[in-house]
Amino acid sequence: MKIVAVTACPTGIAHTYMAADVLNKTAHHMGIKIQVETQGAMGIENFLTAKDIAHADIVLIASDIEVEQRTRFTGSRIHCVTIEEVLVDATAVIERCQQLCQ
């Protein structure tokens, strides 16, 4: 399974990057491939390309704000959660992604 994810929070500082880190660590622990784009105070980092998105099984948007350039994900399977959901239980979030892809 491959997930591409976007993390973004209103201030774009701590929670954006904390969520990206926990998603990377949790997915790796679960044996799932993941690429995480952050949309924070520094702008868009680790930009997901059209090729990245096309090869993903699901797009995970972990955000409390509207993500930039969301139209890139049109036509993809998308699962939206809050930043808090990721920080509280990233395993459950990734498991829901798996269930949505079955």
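Just above sits the structure.
Criteria and thresholds
- Residues numbered from 1 in each chain as written.
- Predicted model: local features only at pLDDT ≥ 70, side-chain atom pairs only at ≥ 80, totals over all residues.
- Heavy atoms only, no water.
- Helix = DSSP H or I, 4+ residues; strand = E, 2+ residues; numbered from the N terminus.
- Rg over C-alpha atoms; globule rule 2.2 N^0.38 Å.
- Buried < 20%, exposed > 50% of the residue type's maximum accessible area, 1.4 Å probe, protein only.
- Contact = heavy atoms within 4.5 Å.
- Areas by Shrake-Rupley, 256 points an atom, 1.4 Å probe, with all protein chains shown as cover.
- Lys, Arg positive; Asp, Glu negative; His and termini not counted.
- Charge placed at Lys NZ, Arg CZ, Asp CG, Glu CD.
- Salt bridge = Lys/Arg side-chain N within 4 Å of Asp/Glu carboxyl O.

## Brief notes about the overall build of the protein
Then step 1. Check the secondary structure of the protein and you find 3 helices and 5 strands.
Then step 2. From first element to last, N terminus to C terminus, the protein shows the α and β order β-α-β-β-α-β-β-α.
Then step 3. Its C-alpha radius of gyration of 12 Å places the protein within 12% of the 13 Å reference for a compact globule of 102 residues.
Then step 4. Taking the principal axes of the C-alpha coordinates as reference, the protein spans close to 35 × 30 × 20 Å.
Then step 5. Taken over 102 residues, the protein has a buried fraction of 41%.
Then step 6. Contacts spanning at least 24 positions in sequence make up 60% of the contacts within the protein whose residues lie at least 6 apart.
Then step 7. In the structure as shown, the protein presents an accessible area of about 5,600 Å², 52% of it carried by carbon and sulfur atoms.
Then step 8. When the 8 positive and 12 negative side-chain charges of the protein are each reduced to one mean point, those points stand 9 Å apart.

## What to know about the side chain of T38
Then step 1. With respect to the helices and strands, T38 occurs in strand β2 (residues 33–40).
Then step 2. Classification of T38 by relative accessible area gives buried; the value is 4%.
Then step 3. Ignoring any residue separated from it by four or fewer positions in sequence, one finds T38 in contact with T7, T16, Y17, A20, G43, I44 and E45.

## Looking at unusual backbone geometry
Then step 1. You will see that N46, though not glycine, has its phi angle at about 60 degrees, which is positive.
Then step 2. Residue position: N46 is located in the loop between β3 (43–45) and α2 (50–54).
Then step 3. For N46, a relative accessible area of 57% translates into the label exposed.
Then step 4. Phi is positive for Q69, close to 55 degrees, though the residue is something other than glycine.
Then step 5. With relative accessibility at 42%, the residue Q69 sits in the partly exposed group.

## A short note on the pattern of salt bridges
Then step 1. Evaluated as defined, the whole model comprises 3 salt bridges.
Then step 2. The partner of R72 in a salt bridge is E37, and the shortest N-O contact between them spans 2.8 Å. Here the residue R72 occupies a position in the loop between β4 (58–63) and β5 (78–81), and E37 occupies one in strand β2, the gap between them amounting to 35 residues.
Then step 3. Judged by relative accessible area, which is 0%, E37 ranks as buried.
Then step 4. One salt bridge connects R96 with E85, and the closest N-O pair in it is separated by 3.0 Å.

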